[in-house]
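Given next are the chains, with one letter for each unit.
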Amino acid sequence: MGSSHLRPRTAMAIRARLGFVILLSLFFSATLSTALYEDQVGLADWHHKYIGKVKHAVFHTQKTGRKRVVVSTEENVVASLDLRTGFIFWRNVLGKNDHIDQVDIALGKYVVTLSSGGSILRAWNLPDGQMIWESTLPVSTLSKSSLYVLANMNVGKDNLILVFGGSSIHALSSMDGQIVWRKELSIDSLEIQQIFQPHDSDIINAVGFVGSSEFVVYQISYRTGEVMQQSKASFESGFCGEASLVFDNLVVALDASKSSLVSISFKNEVINFHQINLSDLVPDFSGKVTLLPLKFNGMLAIEIASSILLLRVKGANELEFVEKISHPFAFSDALPLSKEQQAFAILQHDESKIHFKVKSDNDLRNEILKETIQMDSQRGNIEKVFINNYIRTDRTHGFRFLVVMEDHSLLLIQQGEIVWSREDGLASIVDSTTSELPVEKEGVSVAEVEHNLFEWLKGHLLKLKGTLMLASPDEVAAIQAIRLKSSEKNKMTRDHNGFRKLIIVLTRAGKVLALHTGDGRVVWSVLLPALRRSETCGNPFALRVYQWQVPHHHAMHENPSVLVVGRCGHGFDAPGIFSIVDSYTGKVQNSLILEHSVSHIMPLPLTDSTEQRLHLIIDAKLQAHLYPKNSDSLKHFFNEMPNIYWYSVEVEKNKIKGYSLESKAELDTAEEYVFQAKELWSIIFPSESEKIAVTATRKMNEIVHTQAKVVADQDVMYKYVSKNILFVATVAPKAAGEIGSATPEEALLYAYLIDTVSGRILHRVCHQGAQGPVHAVVSENWVVYHYFNLRAHRYEMSVIEIYDQSRADNKDVWKLVLGKHNLTAPVSLYSRPDVMVKSQSYFFTHSVKSMAVTATAKGITSKQLLIGTIGDQVLALDKRFLDPRRSVNPTQSEKEEGIIPLTDSLPIVPQSYITHSLQVEGLRSMVTIPAKLESTTLVFSYGVDLFFTRIAPSRTYDSLTEDFSYALLLITIVVLVAAIFVTWALSEKKELKEKWR
């Protein structure tokens, strides 16, 4: 009887002890989990900085301080680079239309940039890039502008900066940017070519052309801007506008026919012309000449046919032939070596080699330096070179070469070696797609992945110390390095979560690169031969990149490939270019220049027997060309041709047209892969009241999990899901400009939903007092668009959701669950749809650059809107905030459904920025890629910078996070098991003692 009373107490004691141990362990693990932030940096995202193709470069290599080179680029970036490593010290990205004209260094501490056609002058602090001052210059007409920083011309301990363009000259203080004086040379059609300062003179000379036949010289006081002397003379044959300053009193120009040189000497108000026939220098000369901008005293460079001639100017009418150089080549500007000597560099490309030559004006027949290096053929030809010198230990001159290549990459070459290189072509991506990595081969064991068992244990012990907050700072860094090194995210095989992929990008230079999603490294790169300048294609233009061949699981021995499409020119009637590239190796499998133009590209959801995806190319004559050209693709295409429709948007004509395809094109030749477009419908917007601002449509590969949407009270609404919905936004012509160009009464914005098969307008809404810029994104059955509200002086976002009312009888949720609904009934787009539209508008804080929407593998996970803000960050906004059914006081059933109470503004939570504190400078686009895990979306953002991350809109409900502590879980289990045995032994011992009482 006594033991029966003691057993419950013993069991309670055991449960109490176990409960205490479990609570203690859970509390311990919960409190430590907040310490796992520092070593997670860079595990799921990466950010790469670039600057773009370099246009100008100025070296700053003082004995004290860091050696650097200041550059400006075609992406409107001014940056300071470490001359030893190529690392970016600082950079500033100007506006989209704020193109940099020239860059220089003033007072040894300011970087001066001239931009926007000579209308904006800025000074930046050389060490850190902070803007010191900015001046806006009045420019009457846009023309060629240039910058000239005066040397040793102190006006009250201040150097003047001269800006000239058109017929005006401005002199500004380099200390504060104030305009010291301005001179408007009141001569119509004056174009100043050069401004220079004669040696040890207080006078500034400005030379230029008036119209096409007059040459003019001004002598201006640098202190006051007063014109001291003016001379002009006419030349009967006229000028073409190209000129080169050879000496302080001699200019060489091209005549109007570009067939002869004109030597122009000026001194003491006397201007003399001497015409030099090129046939005297080149016996077989024919055609036209181009004058190259070789800024070297006493030298002239001209281009004839495919050769470059270096000429030495010995007098007003005497030229001496120095050297003949063949393409491809590059010249540097003059580099002063001393007061009496200057040098320049000539670089010549010879297949895979680059020859470097440095010449001095003291001896043009010989070279100061002559070197040859090997160059990767995928970088293309040389485009620009900038030269800098240094003093060697033997007191001789050494030279550095900053080289810009055809693929927009930047290299520093010194002593015959490439010191560093930058892949800055990635700053000008025009399109991207993705490719799966190869499947991991069978037989690869875990032992082959890990170095050895000791390293494996050592790594996990270090991670355990980090978990227990016992790791030193060095050990924390070692833990992060181990994670980055041993992380499976960088392997070149597929993973079961679908995180590892290749991002195939196409740059403006015509280069295709494969980036690994693990760390953003370049796996391979190829400069497409078809997109390089040649005799057959003088001005190639990269357009798009598409998936071409994606082998299925039964053909995994074949590599996938991508299709790159371009044009031989910027016009829609220019011949097209096709290149097919292997996605794993970068090998060009096929490349050709098409016989027809490319105005529209349609990837079809069809493949042939070799898994090649069918594409329709619409040319300027509205003929459709089928690729690949084989009988199998033709067979598949004929089966689906009655269901293929397409549309064209003619923004200039304010017109949208819809087409189908006829069986054969009406051609003289029997071309079986060419089809004729048949116009079905057209929508013409009235040009006096509307102008097309933007169009948007759904992604063709978007997956919608279900058409049914269960709402409050177990009611069912059916989404109007169609891949043929086109969103069109039009604005009033007066409101088509910048914000504020129209009054609220004049501004109108119309939003249309159009069916592209029938041309039927499904919905139209007007926003009074609204104007662009308009950005829109379409997904499933909804569209979200962003614009500016002039009446409220705020940005707005509107949402439109469209539902199918023809299925109103299938509202029983139990029929939906049991599969007895009528969702499989055929629907024809030619029948008039019975639709219901819900819409709502909200205020939004930010201006927007681009918009996208998350995509997942099955379409189950809730959507998030990705917004590229004006601050070059990416904001993830839950689609529930843009639900048009939101109300001020939602019912209880609506709250259970997840309807958020209505507010006039959309909330911006700082934690919702997926770029964190980083900026994707020059953000242009965002690409979303579904992973295999339904919860996860991969996001790739590009502009001047690249940023990649993965996000989970509904959190990672289908996997454990990478930072989950398995070691702590193992310790907890061991502690619990040990506690069970210990408490069991103690309870048995106590029970035995109780029995012996």
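Quick caveat, the model's predicted, so the values are computed rather than measured.

Caption draft 1: Here's a closer look at the overall build of the chain. Looking only at helices and strands, the chain has 8 helices and 64 strands in total. A buried classification covers 51% of the 997 residues belonging to the chain. For the chain, the share of sequence-separated contacts (at least 6 apart) that also reach a separation of at least 24 residues comes to 51%. When the accessible surface of the chain is split by element, carbon and sulfur atoms take 52% of a total near 48200 Å².

Caption draft 2: A look at the sheet that holds strand β59 (residues 848-853). With antiparallel pairing, 3 strands are arranged side by side in an open sheet as β59-β60-β61. Among the strands making up the open sheet, the edge pair consists of β59 and β61 (874-878). Sheet twist, expressed as the mean angle between neighbouring strand axes with direction ignored, is 25°. Bridging between β59 and strand β60 (residues 864-869) involves 5 bridges; their strand directions are antiparallel.

Caption draft 3: Structural view of the UniProt feature "transmembrane region" (unreviewed entry) in the chain. The UniProt entry lists residues 964-987 under the feature "transmembrane region" (unreviewed entry), expressed in the numbering used here. Strand forms 0% of residues 964-987 and helix 92%; the C-alpha atoms that close the span are 35 Å apart.

Caption draft 4: How the structure looks around the state of the cysteines. Evaluation of the coordinates by the stated rule reveals 1 disulfide. In this model, Cys-537 is linked to Cys-568 through a disulfide, with the two sulfur atoms separated by 2.3 Å. Taking the sign of the S-S torsion, about -125° here, the bridge from Cys-537 to Cys-568 comes out left-handed. Here Cys-537 is found in the loop between β38 (522-527) and β39 (541-549), whereas its partner Cys-568 is found in the loop between β40 (561-567) and β41 (575-582), with 31 residues between them in sequence. Owing to a relative accessible area of 17%, Cys-568 belongs among the buried residues under this scheme.

Caption draft 5: How the structure looks around the packing of aromatic side chains. Per the counting criterion, the structure on display carries 20 aromatic pairs. Aromatic side chains Phe-235 and Phe-273 sit 5.4 Å apart centroid to centroid with 40° between the ring planes, which places their arrangement in the tilted category. Taken together, the residues Phe-235 in the loop between β17 (227-234) and β18 (239-247) and Phe-273 in strand β21 (residues 270-277) connect sequence positions 38 residues apart. The class of Phe-235 is buried, set by a relative accessible area of 10%.

Caption draft 6: Broad picture of the environment of Leu-946. Turning to its location among the elements, Leu-946 is positioned in strand β64 (residues 946-951). With relative accessibility at 1%, the residue Leu-946 sits in the buried group. Taking the C-alpha atoms as reference, Leu-946 lies 5.7 Å from His-47; in sequence the two are 899 residues apart. Excluding residues that lie within four positions of it along the chain, Leu-946 makes contacts with Trp-46, His-47, His-48, Tyr-50, Leu-426, Ile-429, Leu-515, Phe-940 and Ser-941.

What counts and how
Residue indices follow the written sequence of each chain, beginning from 1 at its first position. In view of the model being predicted, local features appear only for residues whose pLDDT reaches at least 70, and side-chain atom pairs are presented and counted only at 80 or more, with totals across whole chains, interfaces and linings using the full set of residues. For side-chain calculations, the full set of non-hydrogen atoms in the structure is used, while hydrogens and water are omitted. The helix count covers DSSP runs of H or I at least four residues long, the strand count covers runs of E at least two residues long, and both are numbered beginning at the N terminus. Any residue under 20% of the maximum accessible area for its type is buried, any over 50% is exposed, and the rest in between are partly exposed; the area is computed with a 1.4 Å probe on protein chains only. Note on contacts: a residue pair qualifies if any of its non-hydrogen atoms lie within 4.5 Å across the two residues. Here the Shrake-Rupley method, with its probe set to 1.4 Å, supplies the accessible areas, and only the displayed protein chains count as covering residues. Only strands that DSSP links by at least two bridges are regarded as paired with each other. Note on method: axes are straight lines fitted to C-alpha atoms, helices fitted across the in-contact stretch only, with angles between N-to-C directions ranging 0 to 180 degrees. UniProt positions are given in the numbering used here, feature names are shortened, and annotations may be inferred rather than shown by experiment. Here, two cysteine sulfur atoms that lie within 2.5 Å of each other are counted as a disulfide. Two aromatic rings from Phe, Tyr or Trp, using only the six-membered ring of Trp, form a pair when their centres are within 6.5 Å; if the ring planes differ by under 30 degrees the pair is stacked, by over 60 it is edge-to-face, and anything between is tilted.

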